[in-house]
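# Per-entry structural report
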Amino acid sequence: MCLGNMIAIGSMSSVIELWDLDLIDAIEPSFILGEPQSKKKKAKKEKKTTKPKIGHSGAVLDLASNHNFNHILASASTDETIALWDLGTTQVASTLRHHSDKVQTIDWHATDGHTLLSGGFDKIVNLYDCRVPDECSKSWNLNGEIERVLWNPSNSNTFLASTDGGFVYSLDVRLDKPLFTLQAHEKAVTGLALSTEPQHCLTTVSADHYVKVWDITDNKPALVISKDMKMNIINCIGSNPNSPTVLALGGENDGVRLLDLRTLPEVYKRFNIQANNKPVPDMSNNAAENNEEEEMMQEKFKKVNKSNLKDGKKKKKKKKVAKF
(Lines give C-alpha, C1' and ligand atoms only; values in the text may rest on other atoms or scores of the structure.)
Protein backbone atom coordinates (compact mmCIF):
# COMPACT_ATOMS: atom_id res chain seq x y z
CA MET A 1 0.00 0.00 0.00
CA CYS A 2 1.60 3.28 -1.18
CA LEU A 3 1.38 6.45 0.93
CA GLY A 4 2.99 9.22 -1.10
CA ASN A 5 6.67 8.31 -1.15
CA MET A 6 6.16 5.68 1.56
CA ILE A 7 5.02 2.08 1.21
CA ALA A 8 3.23 0.19 3.99
CA ILE A 9 3.70 -3.58 4.24
CA GLY A 10 1.63 -5.97 6.32
CA SER A 11 2.58 -9.62 6.83
CA MET A 12 2.09 -12.64 9.07
CA SER A 13 3.75 -10.54 11.76
CA SER A 14 1.50 -8.29 13.84
CA VAL A 15 3.46 -5.16 12.89
CA ILE A 16 3.21 -2.91 9.84
CA GLU A 17 6.43 -1.71 8.23
CA LEU A 18 6.69 1.65 6.47
CA TRP A 19 9.53 2.09 3.99
CA ASP A 20 10.72 5.32 2.38
CA LEU A 21 10.90 4.81 -1.40
CA ASP A 22 13.31 7.75 -1.71
CA LEU A 23 15.98 5.82 0.20
CA ILE A 24 18.04 3.46 -1.95
CA ASP A 25 19.20 0.13 -0.47
CA ALA A 26 17.53 0.79 2.88
CA ILE A 27 18.24 -1.97 5.40
CA GLU A 28 15.41 -1.23 7.82
CA PRO A 29 11.95 0.37 7.52
CA SER A 30 11.64 4.06 8.39
CA PHE A 31 9.30 3.11 11.23
CA ILE A 32 6.87 0.39 12.26
CA LEU A 33 3.33 0.43 13.59
CA GLY A 34 2.59 -1.84 16.54
CA GLU A 35 4.79 -4.25 18.41
CA PRO A 36 6.18 -7.68 17.49
CA GLN A 37 4.29 -10.56 19.12
CA SER A 38 7.37 -11.78 20.98
CA LYS A 39 7.68 -8.44 22.80
CA LYS A 40 4.02 -8.58 23.76
CA LYS A 41 4.45 -12.05 25.26
CA LYS A 42 7.40 -10.83 27.33
CA ALA A 43 5.41 -7.85 28.51
CA LYS A 44 2.57 -10.16 29.59
CA LYS A 45 4.92 -12.31 31.62
CA GLU A 46 6.55 -9.34 33.31
CA LYS A 47 3.35 -7.43 34.00
CA LYS A 48 0.26 -9.59 34.02
CA THR A 49 -2.02 -6.76 35.07
CA THR A 50 -1.08 -4.42 32.22
CA LYS A 51 -2.26 -4.84 28.63
CA PRO A 52 0.24 -4.88 25.75
CA LYS A 53 0.80 -1.71 23.79
CA ILE A 54 -1.62 -0.73 21.05
CA GLY A 55 -1.52 -2.63 17.79
CA HIS A 56 -2.60 -5.97 16.40
CA SER A 57 -2.07 -9.30 18.13
CA GLY A 58 -2.34 -11.29 14.88
CA ALA A 59 -1.26 -11.23 11.24
CA VAL A 60 -2.13 -8.16 9.15
CA LEU A 61 -4.25 -9.31 6.19
CA ASP A 62 -5.05 -6.00 4.47
CA LEU A 63 -4.13 -2.31 4.45
CA ALA A 64 -5.99 0.72 3.08
CA SER A 65 -4.79 4.32 2.87
CA ASN A 66 -7.38 7.06 3.25
CA HIS A 67 -7.87 9.04 0.01
CA ASN A 68 -8.95 12.18 1.88
CA PHE A 69 -6.80 12.11 5.03
CA ASN A 70 -3.24 11.14 4.07
CA HIS A 71 -2.16 10.56 7.66
CA ILE A 72 -4.77 7.84 8.28
CA LEU A 73 -4.08 4.17 7.54
CA ALA A 74 -6.49 1.30 8.19
CA SER A 75 -5.33 -2.26 8.84
CA ALA A 76 -7.30 -5.52 9.03
CA SER A 77 -6.09 -8.46 11.10
CA THR A 78 -6.63 -12.07 12.09
CA ASP A 79 -7.29 -10.76 15.61
CA GLU A 80 -10.82 -9.80 14.34
CA THR A 81 -10.18 -6.06 14.56
CA ILE A 82 -9.55 -3.08 12.29
CA ALA A 83 -7.04 -0.51 13.50
CA LEU A 84 -7.14 3.11 12.33
CA TRP A 85 -3.60 4.44 12.59
CA ASP A 86 -2.51 8.06 12.88
CA LEU A 87 0.78 8.13 10.96
CA GLY A 88 1.69 11.43 12.55
CA THR A 89 1.90 9.84 15.98
CA THR A 90 2.30 6.17 14.85
CA GLN A 91 -0.48 5.32 17.30
CA VAL A 92 -3.93 3.76 16.88
CA ALA A 93 -6.56 6.49 16.74
CA SER A 94 -9.42 4.00 17.15
CA THR A 95 -10.21 0.30 16.82
CA LEU A 96 -13.23 -1.25 15.12
CA ARG A 97 -14.44 -4.49 16.75
CA HIS A 98 -17.49 -5.59 14.77
CA HIS A 99 -16.38 -8.91 13.27
CA SER A 100 -16.52 -12.30 14.97
CA ASP A 101 -13.75 -13.82 12.84
CA LYS A 102 -10.63 -12.77 10.88
CA VAL A 103 -10.98 -9.50 8.96
CA GLN A 104 -9.65 -10.10 5.46
CA THR A 105 -10.44 -6.98 3.42
CA ILE A 106 -11.04 -3.24 3.85
CA ASP A 107 -11.59 -0.29 1.51
CA TRP A 108 -12.01 3.45 2.14
CA HIS A 109 -14.65 5.44 0.27
CA ALA A 110 -13.12 7.56 -2.51
CA THR A 111 -14.75 10.88 -1.51
CA ASP A 112 -16.04 10.41 2.05
CA GLY A 113 -12.97 10.02 4.25
CA HIS A 114 -15.00 8.79 7.23
CA THR A 115 -16.63 5.84 5.44
CA LEU A 116 -15.00 2.41 5.44
CA LEU A 117 -16.00 -1.07 4.23
CA SER A 118 -14.77 -4.35 5.69
CA GLY A 119 -15.28 -8.04 5.02
CA GLY A 120 -14.37 -11.05 7.12
CA PHE A 121 -14.28 -14.80 7.52
CA ASP A 122 -17.60 -14.44 9.38
CA LYS A 123 -19.29 -13.93 5.94
CA ILE A 124 -20.26 -10.37 6.86
CA VAL A 125 -19.60 -7.06 5.10
CA ASN A 126 -19.69 -4.06 7.44
CA LEU A 127 -20.09 -0.36 6.66
CA TYR A 128 -18.67 2.17 9.15
CA ASP A 129 -18.78 5.85 9.90
CA CYS A 130 -15.36 5.96 11.58
CA ARG A 131 -16.33 9.04 13.59
CA VAL A 132 -18.45 6.58 15.60
CA PRO A 133 -16.13 3.56 15.99
CA ASP A 134 -18.35 1.78 18.52
CA GLU A 135 -21.19 1.46 16.01
CA CYS A 136 -21.61 -0.30 12.67
CA SER A 137 -23.72 1.68 10.20
CA LYS A 138 -24.94 -1.33 8.19
CA SER A 139 -24.15 -5.01 7.63
CA TRP A 140 -24.75 -7.59 4.90
CA ASN A 141 -24.56 -11.35 5.50
CA LEU A 142 -23.37 -13.07 2.32
CA ASN A 143 -23.02 -16.70 1.29
CA GLY A 144 -19.33 -17.33 1.92
CA GLU A 145 -16.20 -15.90 3.51
CA ILE A 146 -15.52 -12.40 2.17
CA GLU A 147 -12.39 -12.27 0.02
CA ARG A 148 -12.49 -8.68 -1.26
CA VAL A 149 -14.58 -5.50 -1.02
CA LEU A 150 -14.30 -2.62 -3.48
CA TRP A 151 -16.14 0.69 -3.86
CA ASN A 152 -17.53 1.47 -7.31
CA PRO A 153 -15.64 4.56 -8.62
CA SER A 154 -18.57 5.36 -10.96
CA ASN A 155 -21.26 5.26 -8.26
CA SER A 156 -20.50 6.44 -4.72
CA ASN A 157 -23.41 4.46 -3.24
CA THR A 158 -22.46 1.02 -4.59
CA PHE A 159 -19.68 -1.47 -3.99
CA LEU A 160 -18.65 -5.02 -4.87
CA ALA A 161 -17.89 -7.95 -2.58
CA SER A 162 -16.44 -11.33 -3.53
CA THR A 163 -16.47 -14.63 -1.65
CA ASP A 164 -14.51 -17.86 -1.35
CA GLY A 165 -17.31 -19.64 -3.22
CA GLY A 166 -16.58 -17.76 -6.45
CA PHE A 167 -19.46 -15.27 -6.17
CA VAL A 168 -19.39 -11.51 -6.75
CA TYR A 169 -22.11 -9.33 -5.24
CA SER A 170 -23.00 -5.77 -6.20
CA LEU A 171 -24.54 -3.91 -3.25
CA ASP A 172 -26.06 -0.49 -2.64
CA VAL A 173 -25.54 1.07 0.81
CA ARG A 174 -29.20 2.18 0.77
CA LEU A 175 -30.55 -1.33 0.11
CA ASP A 176 -30.52 -4.64 1.95
CA LYS A 177 -30.51 -6.96 -1.09
CA PRO A 178 -27.79 -7.17 -3.78
CA LEU A 179 -28.22 -5.41 -7.11
CA PHE A 180 -26.86 -8.57 -8.72
CA THR A 181 -25.22 -11.85 -7.73
CA LEU A 182 -22.69 -13.30 -10.14
CA GLN A 183 -21.12 -16.77 -10.13
CA ALA A 184 -17.86 -15.42 -11.54
CA HIS A 185 -15.44 -18.30 -10.86
CA GLU A 186 -15.38 -21.91 -9.73
CA LYS A 187 -13.12 -21.06 -6.79
CA ALA A 188 -12.49 -18.06 -4.51
CA VAL A 189 -12.55 -14.64 -6.17
CA THR A 190 -9.34 -13.26 -4.70
CA GLY A 191 -9.29 -9.86 -6.41
CA LEU A 192 -11.52 -7.20 -7.98
CA ALA A 193 -10.70 -4.21 -10.19
CA LEU A 194 -13.20 -1.68 -11.54
CA SER A 195 -12.04 0.62 -14.29
CA THR A 196 -12.89 4.32 -14.25
CA GLU A 197 -12.40 4.49 -18.02
CA PRO A 198 -14.11 2.64 -19.56
CA GLN A 199 -16.85 2.54 -16.93
CA HIS A 200 -18.62 -0.69 -15.95
CA CYS A 201 -15.53 -2.76 -16.83
CA LEU A 202 -14.97 -5.28 -14.03
CA THR A 203 -11.94 -7.57 -13.85
CA THR A 204 -11.91 -10.54 -11.48
CA VAL A 205 -9.11 -12.96 -10.57
CA SER A 206 -9.38 -16.24 -8.80
CA ALA A 207 -7.78 -19.27 -7.23
CA ASP A 208 -8.96 -21.13 -10.35
CA HIS A 209 -6.00 -19.48 -12.23
CA TYR A 210 -8.24 -17.36 -14.48
CA VAL A 211 -8.64 -13.63 -15.00
CA LYS A 212 -12.04 -12.59 -16.34
CA VAL A 213 -13.31 -9.29 -17.71
CA TRP A 214 -17.00 -8.43 -17.32
CA ASP A 215 -19.34 -5.72 -18.60
CA ILE A 216 -21.63 -4.87 -15.66
CA THR A 217 -23.64 -2.12 -17.40
CA ASP A 218 -27.17 -1.75 -15.93
CA ASN A 219 -26.30 -4.35 -13.28
CA LYS A 220 -26.46 -7.10 -15.91
CA PRO A 221 -23.00 -8.70 -15.88
CA ALA A 222 -21.83 -10.22 -19.17
CA LEU A 223 -18.57 -12.10 -19.66
CA VAL A 224 -16.24 -10.41 -22.16
CA ILE A 225 -13.16 -12.64 -21.93
CA SER A 226 -11.72 -15.41 -19.77
CA LYS A 227 -7.96 -15.95 -19.81
CA ASP A 228 -5.65 -18.42 -18.06
CA MET A 229 -2.59 -16.35 -17.11
CA LYS A 230 -0.48 -19.46 -16.37
CA MET A 231 0.28 -18.02 -12.93
CA ASN A 232 -1.41 -20.80 -10.94
CA ILE A 233 -3.46 -19.24 -8.12
CA ILE A 234 -3.83 -15.48 -8.68
CA ASN A 235 -3.79 -13.86 -5.24
CA CYS A 236 -4.49 -10.21 -6.01
CA ILE A 237 -5.11 -7.54 -8.64
CA GLY A 238 -4.60 -3.78 -8.66
CA SER A 239 -5.26 -1.05 -11.20
CA ASN A 240 -2.96 1.81 -12.18
CA PRO A 241 -4.57 5.11 -11.02
CA ASN A 242 -2.94 6.99 -13.92
CA SER A 243 -3.80 4.37 -16.55
CA PRO A 244 -7.00 2.55 -15.50
CA THR A 245 -6.76 -0.17 -18.16
CA VAL A 246 -3.35 -1.33 -16.88
CA LEU A 247 -3.64 -3.98 -14.19
CA ALA A 248 -1.05 -5.65 -11.95
CA LEU A 249 -1.60 -9.31 -11.10
CA GLY A 250 0.12 -11.19 -8.30
CA GLY A 251 0.21 -14.98 -8.52
CA GLU A 252 1.87 -18.15 -7.23
CA ASN A 253 3.98 -18.41 -10.38
CA ASP A 254 6.04 -15.58 -11.94
CA GLY A 255 5.37 -13.07 -9.14
CA VAL A 256 3.87 -9.92 -10.67
CA ARG A 257 2.57 -9.46 -14.21
CA LEU A 258 1.09 -6.44 -15.96
CA LEU A 259 -1.96 -6.68 -18.19
CA ASP A 260 -3.27 -3.84 -20.38
CA LEU A 261 -6.93 -4.46 -21.22
CA ARG A 262 -6.48 -2.43 -24.42
CA THR A 263 -4.34 -5.25 -25.82
CA LEU A 264 -7.33 -7.63 -25.70
CA PRO A 265 -9.50 -7.35 -28.87
CA GLU A 266 -12.62 -8.58 -27.05
CA VAL A 267 -12.27 -5.77 -24.50
CA TYR A 268 -11.54 -2.78 -26.74
CA LYS A 269 -14.32 -3.82 -29.14
CA ARG A 270 -16.87 -4.31 -26.35
CA PHE A 271 -16.14 -1.01 -24.61
CA ASN A 272 -15.26 0.93 -27.76
CA ILE A 273 -11.83 2.04 -26.56
CA GLN A 274 -8.63 2.61 -28.51
CA ALA A 275 -6.50 -0.49 -28.92
CA ASN A 276 -2.94 -0.63 -27.66
CA ASN A 277 -0.62 -2.75 -29.76
CA LYS A 278 2.46 -2.04 -27.64
CA PRO A 279 3.27 -4.91 -25.27
CA VAL A 280 3.21 -4.16 -21.55
CA PRO A 281 6.58 -4.81 -19.83
CA ASP A 282 6.64 -8.27 -18.24
CA MET A 283 7.37 -7.92 -14.51
CA SER A 284 7.50 -11.65 -13.75
CA ASN A 285 10.51 -13.32 -12.13
CA ASN A 286 11.22 -15.34 -15.26
CA ALA A 287 11.17 -12.20 -17.37
CA ALA A 288 13.58 -10.47 -14.98
CA GLU A 289 15.95 -13.43 -15.17
CA ASN A 290 15.67 -13.48 -18.97
CA ASN A 291 16.37 -9.74 -19.12
CA GLU A 292 19.48 -10.20 -16.96
CA GLU A 293 20.67 -13.00 -19.22
CA GLU A 294 20.04 -10.87 -22.32
CA GLU A 295 21.95 -7.95 -20.81
CA MET A 296 24.89 -10.22 -19.97
CA MET A 297 24.88 -11.65 -23.49
CA GLN A 298 24.76 -8.15 -24.97
CA GLU A 299 27.71 -7.07 -22.81
CA LYS A 300 29.68 -10.15 -23.88
CA PHE A 301 28.79 -9.48 -27.50
CA LYS A 302 29.99 -5.88 -27.20
CA LYS A 303 33.28 -7.02 -25.63
CA VAL A 304 33.81 -9.58 -28.42
CA ASN A 305 33.09 -6.93 -31.05
CA LYS A 306 35.54 -4.52 -29.43
CA SER A 307 38.27 -7.17 -29.26
CA ASN A 308 37.63 -8.14 -32.90
CA LEU A 309 37.86 -4.49 -33.96
CA LYS A 310 41.16 -4.09 -32.09
CA ASP A 311 42.57 -7.25 -33.69
CA GLY A 312 41.45 -6.03 -37.12
CA LYS A 313 43.15 -2.67 -36.63
CA LYS A 314 46.38 -4.37 -35.54
CA LYS A 315 46.37 -6.62 -38.63
CA LYS A 316 45.83 -3.63 -40.90
CA LYS A 317 48.73 -1.82 -39.31
CA LYS A 318 50.97 -4.87 -39.75
CA LYS A 319 50.01 -5.16 -43.42
CA LYS A 320 50.89 -1.50 -44.03
CA VAL A 321 54.28 -1.95 -42.41
CA ALA A 322 54.94 -5.07 -44.56
CA LYS A 323 54.25 -3.07 -47.74
CA PHE A 324 56.82 -0.43 -46.87
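Predicted model, so just to flag it, every value in this text is computed and none were measured. (Residues numbered from 1 in each chain as written. Predicted model: local features only at pLDDT ≥ 70, side-chain atom pairs only at ≥ 80, totals over all residues. Heavy atoms only, no water.)

### Structural notes on the overall build of the protein
Along the protein, the regular secondary structure elements total three helices and 23 strands. Sorting the 324 residues of the protein into buried and exposed places 40% on the buried side. Restricting to contacts in the protein with at least 6 residues of sequence separation, those with at least 24 account for 37%. Carbon and sulfur atoms provide 50% of the accessible area of the protein, an area that totals close to 18,700 Å². (Helix = DSSP H or I, 4+ residues; strand = E, 2+ residues; numbered from the N terminus. Buried < 20%, exposed > 50% of the residue type's maximum accessible area, 1.4 Å probe, protein only. Contact = heavy atoms within 4.5 Å. Areas by Shrake-Rupley, 256 points an atom, 1.4 Å probe, with all protein chains shown as cover.)

### Focus: the pattern of salt bridges
Side chains carrying opposite charge are able to pair once their charged atoms draw close together. Across all of its chains, the model carries nine salt bridges by this definition. Lys-138 is paired through a salt bridge with Asp-176; the nearest N and O atoms lie 2.7 Å apart. Of this pair, Lys-138 sits in strand β12 (residues 138–141) while Asp-176 sits in the loop between β15 (167–172) and β16 (180–183); the two residues are 38 residues apart in sequence, bridging distant segments of the chain. (Salt bridge = Lys/Arg side-chain N within 4 Å of Asp/Glu carboxyl O.)

### A word on the nonpolar core
Among the nonpolar cores identified, the biggest contains 19 residues, and Val-213, Leu-249, Leu-261, Val-267 and Phe-271 are the most heavily contacted of them. For this core, the elements supplying multiple residues, two or more each, are β18 (201–206), β19 (210–215), β20 (222–228), β21 (234–240) and β22 (243–251). Contact partners of Leu-261, with chain neighbours within four places excluded, come to Cys-201, Thr-203, Val-213, Thr-245, Leu-247 and Val-267. (Core = buried A, V, L, I, M, F, W, Y, C linked by side-chain atoms within 4.5 Å.)

### Here we look at the sheet that holds strand β8 (residues 91–96)
The strand order β5-β6-β7-β8 describes an open sheet built from four strands, whose pairing is antiparallel. The sheet is open, and its two borders are formed by β5 (60–65) and β8, each paired with just one other strand. Across the sheet, the axes of successive neighbouring strands diverge by a mean angle of 25°, strand direction being ignored. The pairing of strand β6 (residues 72–77) with strand β7 (residues 82–86) spans five bridges and is classified as antiparallel. The residue bridging Ser-75 from the neighbouring strand is Ala-83, located in β7. (Pairing = 2+ DSSP bridges. Axes fitted to C-alpha atoms, helices over the stretch in contact; angles between N-to-C directions.)

### Remarks on the sheet that holds β22
The three strands are arranged β21-β22-β23 in an open sheet whose pairing can be described as antiparallel. At either end of the open sheet lies a strand with only one pairing partner, and these are β21 and β23 (256–260). Neighbour to neighbour, the strand axes of the sheet diverge by 25° on average, direction disregarded. Bridge count for β21 against β22 is six bridges, and the pairing is antiparallel. When the bridges of β22 are listed, Gly-238 appears paired with Ala-248.

### A word on unusual backbone geometry
Trans peptide bonds make up most of the peptide bonds, and negative phi angles are found at most residues other than glycine. In this structure, the amide linkage connecting Glu-197 to the following residue, Pro-198, adopts the cis form with an omega of 5°. Structurally, the position occupied by Pro-198 is in the loop between β17 (189–194) and β18. Of note, the phi angle at Glu-80 is positive, near 75°, even though the residue is not glycine. Judged by its relative accessible area of 31%, Glu-80 falls in the partly exposed class. Residues other than glycine seldom take positive phi values, yet His-200 does so here, at roughly 65°. Assignment of secondary structure puts His-200 in the loop between β17 and β18. Classification of His-200 as partly exposed rests on a relative accessible area of 32%.

### Considerations on the environment of Gln-199
If you trace the backbone, Gln-199 turns up in the loop between β17 and β18. The exposure class of Gln-199 is partly exposed, given its relative accessible area of 42%. Separated by 72 residues in the primary sequence, Gln-199 and Phe-271 have C-alpha atoms spaced 8.5 Å apart. If near-sequence neighbours (up to four positions away) are discounted, Gln-199 is found in contact with Ser-154 and Phe-271.

### A few points about the side chain of Asp-62
Looking at the secondary structure, you find Asp-62 in strand β5. Take Asp-62: its relative accessible area is 13%, and that puts it in the buried class. A polar side-chain atom of Asp-62 sits 3.2 Å from a polar atom in the side chain of Arg-148. Aside from chain neighbours lying at most four places away, what touches Asp-62 is Ala-74, Ser-75, Ala-76, Gln-104, Thr-105, Ile-106 and Arg-148. (Polar contact = N/O pair within 3.5 Å; in protein donor to acceptor, adjacent residues only side chain to side chain.)

### Description of the packing of aromatic side chains
All told, the structure shown has three aromatic pairs when counted by the stated rule. Residues Trp-140 and Phe-159 carry aromatic rings whose centres are separated by 5.2 Å and whose planes lie at 70° to one another, so their mutual orientation is edge-to-face. Placement of Trp-140 in strand β12 and of Phe-159 in strand β14 (residues 158–163) is noted, with a sequence separation of 19 residues between them. Classification of Trp-140 by relative accessible area gives buried; the value is 3%. In this structure Phe-159 comes out as buried when scored by relative accessible area, which is 1%. (Phe/Tyr/Trp six-rings, centres within 6.5 Å; stacked < 30°, edge-to-face > 60°.)

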